Amino acid sequence: QGFEHALGAVEWSVFAPKSAHGWVDRLNGDLFNGNRATSVYGIGDVPSLVRQGSVIPMRPRERGQSSLARAQKSFSDLEFRIMPAEAFYQGGQFSGKAQVVEDDGMTTDYLIGKQ
């Protein structure tokens, strides 16, 4: 028996609308575009779809540290997660861009250019 029969595993399904770039399941890398996205996840997973080829800036997890209130901590490291895209596997081209804004994690001052 596989993971889908494990304690706490649940099947999650959502419609992935048709888009120019398609969608990718951020946990398992499955690609979707204009069809139903269905996968099995564990009790601690938070399933979600992101655009194929997205660049997602994230704070790295710190061993032994809580993930709660990480937005309030100052940056020491930053990692960029690049989501898969169908074009990567088919020898095609794909371009994307991202903007990173550092803010205090408490206010909306970043909207007026304050850091």
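Before any of the text, the structure's been laid out above.
Given the structure is predicted, the values throughout are model-derived calculations rather than measurements. (Residues numbered from 1 in each chain as written. Predicted model: local features only at pLDDT ≥ 70, side-chain atom pairs only at ≥ 80, totals over all residues. Heavy atoms only, no water.)

A. The overall build of the protein, seen in detail. Along the backbone of the protein there are 1 helix and 7 strands. Along its sequence from the N terminus, the protein presents helices and strands in the succession β-β-β-β-β-β-β-α. Here the protein, with 115 residues, has 17% of them falling under the buried criterion. Considering only contacts in the protein between residues 6 or more positions apart, those separated by 24 or more positions represent 50%. Of the roughly 8700 Å² that the protein leaves accessible, carbon and sulfur atoms contribute 50%. (Helix = DSSP H or I, 4+ residues; strand = E, 2+ residues; numbered from the N terminus. Buried < 20%, exposed > 50% of the residue type's maximum accessible area, 1.4 Å probe, protein only. Contact = heavy atoms within 4.5 Å. Areas by Shrake-Rupley, 256 points an atom, 1.4 Å probe, with all protein chains shown as cover.)

B. Main features of the packing of aromatic side chains. Considering all chains together, one arrives at 1 aromatic pair under this definition. Summarising the aromatic geometry, the rings of W12 and Y41 are spaced 5.7 Å apart at their centres and angled 80° between planes, so their arrangement reads as edge-to-face. With W12 in strand β1 (residues 10-16) and Y41 in strand β4 (residues 35-41), this pair connects stretches of sequence that are 29 residues apart. (Phe/Tyr/Trp six-rings, centres within 6.5 Å; stacked < 30°, edge-to-face > 60°.)

C. Structural view of the sheet that holds strand β5 (residues 49-51). Reading across the sheet, the 3 strands line up as β3-β2-β5 and stay open at both edges, with antiparallel pairing between neighbours. Because the sheet does not close on itself, it has two edges, and the strands there are β3 (31-32) and β5. Bridge count for strand β2 (residues 23-25) against β3 is 2 bridges, and the pairing is antiparallel. Within β3, the position partnered with V24 by the bridge is L31. (Pairing = 2+ DSSP bridges.)

D. Local environment of the environment of S76. For S76, the position within the fold is in the loop between β6 (55-58) and β7 (79-82). Through-space distance from the C-alpha of S76 to that of P60 is 9.4 Å; in sequence the pair is 16 residues apart.

E. Quick look at a nonpolar patch on the surface. A contiguous nonpolar patch, built from V101, Y110, L111 and I112 and spanning about 410 Å² of accessible area, is present on the exposed surface. Relative to the assigned elements, L111 resides in the segment after α1 (86-89). (Patch = residues over 30% accessible without salt bridge, like charges linked within 9 Å, V, L, I, M, F, W, Y side chains within 5 Å. Salt bridge = Lys/Arg side-chain N within 4 Å of Asp/Glu carboxyl O.)

F. Representation of the environment of G113. In this fold, G113 is placed in the segment after α1. Sequence spacing of G113 and D103 is 10 residues, and the spatial spacing of their C-alpha atoms is 9.2 Å.

G. Structural context of the side chain of D25. Considering the arrangement of structural elements, one finds D25 in strand β2. Lacking a salt bridge, the buried D25 has R26 as its closest oppositely charged neighbour, with an N-O distance of 6.7 Å. With residues near it in sequence (within four places) discarded, D25 still touches D30, F32, S39, Y41, S48 and L49. (Lys, Arg positive; Asp, Glu negative; His and termini not counted.)

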